[in-house]
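# Reading the structure
One letter stands for each residue in the lines below.
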Amino acid sequence: MSLPTITIELFGMPRARAEVRELVVSAATVGEALAEVVAKCPTLADVVNADGRLASQYLLSLDGKHFVSDVSQPLQPGDRLLLLSSDAGG
Amino acid sequence: MGGYHGRYLRIDLNSGTASYVTLSESVLRRFLGGVGLGTWLLHHESPPCVDPLAREAALVFCFSPLVGTPLTTSAKFAVVAKSPLTFRLNDALSSSHFALAGKRSGADALVIVGACTAPSVLVIEDGAIRIESASELWGLDSDETTKQLGERFGQEFHSAVIGPAGEHLVRYATISHANRHAGRGGLGAVMGSKRLKAVLVAGTQRVPVADPARVVAASRDLSQRSFGPATAKYRELGTVSNLLTFNRLHALPTRNFQQGQFEQAENLSGESLNATRRVARESCASCTIGCEHIYSSSEGNVRLEYESLFALGPLCGIGDRDVVLRAARLCDRLGLDTISVGATVAFAMECSERGLLEADGLRFGDGEALLALLPRISRREDSLSDLLAEGTRRAAARIGGDAPDFAPHVKGLELPGYEPRTLQTMALGFAVGSRGADHNRSGAYELDFSAKTDRFHGSPEAAALAVDTEDRAALIDSMILCKFLRGVFTDFFAESADLLRIVTGWDITAEELRTTARRIVTAKKLYNVREGWSNSEDTLPRRFLSEGLSTGVATEATLTVERLQTMIDAYYSARGWNADGQVSESQIGELQLTDL
Ligand code: SF4
């Protein structure tokens, strides 16, 4: 069975590091999507900690609706994940 | 006791005299410095219910125990006064050599009362003061004033100055030092009301720290951590990178908070500014982060932050990046708070479009009109600019009709660049803030940008978390360290206690500092209560509580009066205050606030 296609939108530091606005990956969970991001963009290697969790200097939002911290969260085809710098405020 | 002189310098401009006043160890330990000590001083030095622009009103410059140490980002000072915009306590922070030289002048704070009879500069050198004429400086902008003062007094003096906006008592005028500003709440107008064009400081009086070797080691460690990932955003992109993120999340206030997204956001984004306009990166004195990104404009180079970008851009419907950069540069020179002036012009644009205000056809998106208005406002040149120099609350009251419903302020202070309907924990932070709608004294937005809360549905459960962000801000603003350093701490209260212990020699603990932070927040509240606060002020403009906001990701975001009230009730409860938001006598005793 093929994995869902997920679009990762990049903002702030992730965009500056990756030098692209978005990435398309195939992943069934948030953790798999992050692993794909790192595989495609080695400059984003610090996005995930050694334990696979999102590093504290980043935030992840599912379609702009909720922020997600649980990397086991399943993803649906067409989901968009927003990868942001944390400390979004001034 | 290391880190302190143990006294403040009280300057009476009426008589042209100054004297030291002892600060007891008890006061310093309970209020630390910065906004904490400034609040205590304001309680004691500003008469109850004083007009903020009256000669009796006090203007406090407050340093901190960390100023003068090698700890990164510690060269900061607070300016505290009763705000002419809100008539409530106002505290604003600024940085750099004024803090270092001010503390070396021999005091932990400067308290200025009275007023000069003619435009003057106040010169403070090692505790001795003199007042000199500023007649040739009056009318000059902040840059030119600073330049001329440098030529007149020499490099060892550092100055805090006002521009034309302060002179003309614009209610959101700033105090400038080295192109940085004590920006919010109209402190420049308080200085202008005292006919003070500038305060200059110099001195040779250094204070020892309790454990110099450990302070040096802690400074090295903190500097090292400041180069890490927690501050990368500030170093590499600056806060302007917030714009596209906020836009994507429908949290970017646009056209006076009528929308949460701006169709020209890409053009104004930090990313495009950094690619096309960035010319330098600078830092405050004693800072290893260096978050100040400098951009070129046809008006000269300008430091730009997200708050100026949002207020002079999307909030006014303006997408031309040169216009925004020029407007920010003008505000710096004229001494105008970019948030308040942007919000006031945006509000006027909406009033004009609705036919409520005769304003030469002012419309959203009219960049040239914005650029023309800024100098006029700073000098109150005509009836329109005079009205706008009063800020949105007073302007709305005069315009009448339903204008007060969409005047974007809390307690008179214009909202910063966070849309309350899509960031509903921040909405609570705005509503209850002691200085009004404020993103620096409450970090509640951090909860909206997390999995801990639902940003579209504010909940009472978030109130305790919002309290915690206020307490952290109170502590960091009183020690003082830069908030951009906050991400490097793993246990903020414990590490802060470590720093204060080696500087002061006090056996201070994380638990004591938690109480200190609560004490400082409560002391600000008690000042406001003394000046007439009631819980009817802890709210948001009607627009946010009656109009939904299109979000694209769900049905429209709405924030009802009832939901906000539930959060406010939970906030009062989490603070230990009464149901009407008043502080009980027993809590005043517990927090050792009986001397206020
Ligand atoms: S991080 Fe920025 S604002 Fe903070 S002290 Fe450094 S240069 Fe100044």
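These numbers were taken from a predicted model, which means no experiment stands behind them. (Residues numbered from 1 in each chain as written. Chains lettered and ligands numbered in written order. Predicted model: local features only at pLDDT ≥ 70, side-chain atom pairs only at ≥ 80, totals over all residues. Heavy atoms only, no water.)

### Section: the overall build of chain B
- Counting secondary structure elements, chain B contains 25 helices and 17 strands.
- Its C-alpha radius of gyration of 22 Å places chain B within 12% of the 25 Å reference for a compact globule of 596 residues.
- With the C-alpha coordinates of chain B rotated into their principal frame, the extents come out at 60 × 55 × 45 Å.
- Scored against the burial criterion, the 596 residues of chain B give a buried share of 66%.
- Across chain B, the fraction of contacts at a sequence separation of at least 24, relative to all contacts at a separation of at least 6, is 70%.
- As displayed, chain B has an accessible area near 18,300 Å², and 48% of this comes from carbon and sulfur atoms.
- Considering chain B, the positive charge centre built from 63 side chains and the negative charge centre built from 72 side chains are found 2 Å apart. (Helix = DSSP H or I, 4+ residues; strand = E, 2+ residues; numbered from the N terminus. Rg over C-alpha atoms; globule rule 2.2 N^0.38 Å. Buried < 20%, exposed > 50% of the residue type's maximum accessible area, 1.4 Å probe, protein only. Contact = heavy atoms within 4.5 Å. Areas by Shrake-Rupley, 256 points an atom, 1.4 Å probe, with all protein chains shown as cover. Lys, Arg positive; Asp, Glu negative; His and termini not counted. Charge placed at Lys NZ, Arg CZ, Asp CG, Glu CD.)

### Considerations on the overall build of chain A
- On a plain count of helices and strands, chain A comes out with 2 helices and 5 strands.
- Walking chain A from its N terminus toward its C terminus, one meets helices and strands in the order β-α-β-α-β-β-β.
- For 90 residues, the compact-globule estimate of 2.2 N^0.38 gives 12 Å, and chain A sits close to it at 12 Å.
- If one aligns the C-alpha atoms of chain A with their principal axes, the spans along those axes are about 40 × 25 × 25 Å.
- Long-range contacts, defined as pairs at least 24 residues apart, comprise 50% of the intrachain contacts of chain A with a sequence gap of at least 6.
- Accessible surface for chain A amounts to roughly 4,000 Å². Of this, 53% is attributable to carbon and sulfur atoms.
- Positive and negative side-chain charges in chain A, numbering 7 and 11 respectively, have mean positions lying 5 Å apart.

### Concerning the site of the ligand
- In the region of the ligand, the neighbouring residues are Thr-73, Lys-76, Ser-283, Cys-284, Cys-287, Ile-289, Cys-291, Cys-482 and Phe-484 of chain B.
- Of the residues assigned to the shell around the ligand, the class counts are 6 nonpolar, 2 polar and 1 charged. (Near = heavy atom within 4 Å. Nonpolar A, V, L, I, M, F, W, Y, C, P; charged D, E, K, R; others polar.)

### Concerning the pattern of salt bridges
- Across all of its chains, the model carries 56 salt bridges over all chains by this definition.
- The closest approach of N and O atoms between Arg-53 of chain A and Asp-51 of chain A, which form a salt bridge, is 3.0 Å.
- The closest approach of N and O atoms between Asp-538 of chain B and Lys-411 of chain B, which form a salt bridge, is 2.8 Å. Highlighted residues: Asp-538 of chain B in the loop between helix H22 (510–530) and helix H23 (542–546) and Lys-411 of chain B in the loop between strand E16 (409–410) and strand E17 (413–414), separated in sequence by 127 residues.
- Of the residues examined, Asp-538 of chain B reaches a relative accessible area of 4% and is grouped as buried.
- Since its relative accessible area comes to 6%, Lys-411 of chain B is described here as buried.
- One connected set of salt bridges, linked through shared partners, spans Asp-91, Arg-441, Asp-477, Lys-483 and Lys-524 of chain B. (Salt bridge = Lys/Arg side-chain N within 4 Å of Asp/Glu carboxyl O.)

### Some points on helix H18 (residues 424–432) of chain B
All names here are of chain B.
- Of all 9 residues in H18, 9 are buried, a share of seventy percent or more.
- Of all the residues in H18, the buried ones are Gln-424, Thr-425, Met-426, Ala-427, Leu-428, Gly-429, Phe-430, Ala-431 and Val-432.
- Each element contacted by the buried residues of H18 is listed here: E16, helix H19 (445–448), helix H20 (462–479) and helix H24 (561–575).

### Some words on the interface of chain A and chain B
- Between chain A and chain B, the residue contacts involve 25 residues of the former and 28 residues of the latter.
- Summed over both sides, the interface of chain A with chain B buries roughly 2,200 Å², with 58% coming from carbon and sulfur.
- At the junction of chain A and chain B, the tally comes to 3 salt bridges.
- The shortest N-O distance in the salt bridge between Arg-21 of chain A and Glu-266 of chain B comes to 3.3 Å. (Buried area = accessible area lost by both parts, 1.4 Å probe.)

### Comments concerning the sheet that holds strand E13 (residues 278–282) of chain B
Residues and elements named next belong to chain B.
- Across the sheet, 3 strands lie side by side as E13-E14-E15; this open sheet has antiparallel pairing. At either margin of the open sheet sits one strand with a lone partner, and together these are E13 and strand E15 (302–303).
- The pairing of E13 with strand E14 (residues 292–295) spans 4 bridges and is classified as antiparallel. Residue pairing for E14: Glu-282 is matched across the bridge by Glu-292. (Pairing = 2+ DSSP bridges.)

### What to know about the nonpolar core
Residue and element names in this part refer to chain B.
- In terms of nonpolar packing, the biggest core is built from 161 residues, with Leu-41, Leu-336, Ile-377 and Leu-540 touching the most fellow members.
- The dominant element in this core, judged by the number of residues it contributes, is helix H14 (residues 338–353), at 9 residues.
- If you look at the next biggest cluster of nonpolar residues, it comprises 35 residues, including Leu-53, Phe-77, Ala-99 and Leu-122. (Core = buried A, V, L, I, M, F, W, Y, C linked by side-chain atoms within 4.5 Å.)

### Some points on the environment of Ile-289 of chain B
Residue and element names in this part refer to chain B.
- Note on placement: Ile-289 falls in the loop between E13 and E14.
- Separated by 217 residues in the primary sequence, Ile-289 and Thr-72 place their C-alpha atoms 8.2 Å from one another.
- Not counting chain neighbours up to four residues away, the residues in contact with Ile-289 comprise Thr-73, Ser-226, Thr-231, Tyr-234, Arg-235, Arg-281, Phe-484 and Leu-485.

### Some points on unusual backbone geometry
Residue and element names in this part refer to chain B.
- Ile-480 follows Met-479 through a cis peptide bond whose omega is -10 degrees.
- Inspection of the secondary structure puts Ile-480 in the loop between H20 and helix H21 (492–504).
- Within the chain, Ser-286 stands out as a residue other than glycine whose phi angle is a positive 60 degrees.
- With respect to the secondary-structure elements, Ser-286 resides in the loop between E13 and E14.
- Relative accessible area serves as the criterion here: at 32%, Ser-286 is assigned to the partly exposed category.

### Regarding the side chain of Arg-455 of chain B
- Summarising the element assignment, Arg-455 of chain B is placed in the loop between H19 and H20.
- Notably, Arg-455 of chain B is buried but unbridged: the nearest opposite-charge side chain belongs to Asp-454 of chain B, and the N-O separation is 6.7 Å.
- Separated by 2.5 Å, the side chain of Arg-455 of chain B and the backbone oxygen of Gly-64 of chain A make a polar contact.
- A polar contact of 2.9 Å, which involves the side chain of Arg-455 of chain B, links it to the backbone oxygen of Leu-249 of chain B.
- Apart from residues no more than four positions distant in its own chain, Arg-455 of chain B is found in contact with Gly-64, Lys-65 and Phe-67 of chain A together with Leu-249, Arg-421, Thr-422, Leu-423, Gln-424 and Asp-448 of chain B. (Polar contact = N/O pair within 3.5 Å; in protein donor to acceptor, adjacent residues only side chain to side chain.)

### Here's the deal with the domain arrangement of chain B
All names here are of chain B.
- Domain assignment breaks chain B into domain 1 (7–202), domain 2 (238–414) and domain 3 (424–590).
- Placing the centre of domain 2 and that of domain 3 at their C-alpha centroids yields a distance of 26 Å.
- If you look at the interface, domain 2 gives 24 residues, while domain 3 gives 27 residues.
- Area buried by domain 2 at its contact with domain 3 is led by His-250, Val-410 and Lys-411, which between them contribute 33% of it.
- Scanning the region where domain 2 abuts domain 3 turns up 3 salt bridges.
- Residue Glu-350 is joined to Arg-543 by a salt bridge in which the shortest nitrogen-to-oxygen separation is 2.6 Å.
- Where domain 2 packs against domain 3, one counts 11 residue pairs in polar contact (both at pLDDT 80 or more). (Domains from an automatic or database assignment.)

### A short note on the pairing of strand E3 (residues 59–62) of chain B
Residue and element names in this part refer to chain B.
- Side chains of E3 alternate between two faces, with Leu-59 and Phe-61 and Val-60 and Cys-62 buried alike.
- Alignment of E3 against strand E6 (residues 109–113), held across 4 bridges, turns out to be antiparallel. Paired with Phe-61 across the strands is Leu-110, a residue of E6.
- Sheet topology places E3 next to strand E4 (residues 76–82); 3 bridges connect them, and they run antiparallel. Within E4, the residue paired with Phe-61 across the bridge is Val-79.

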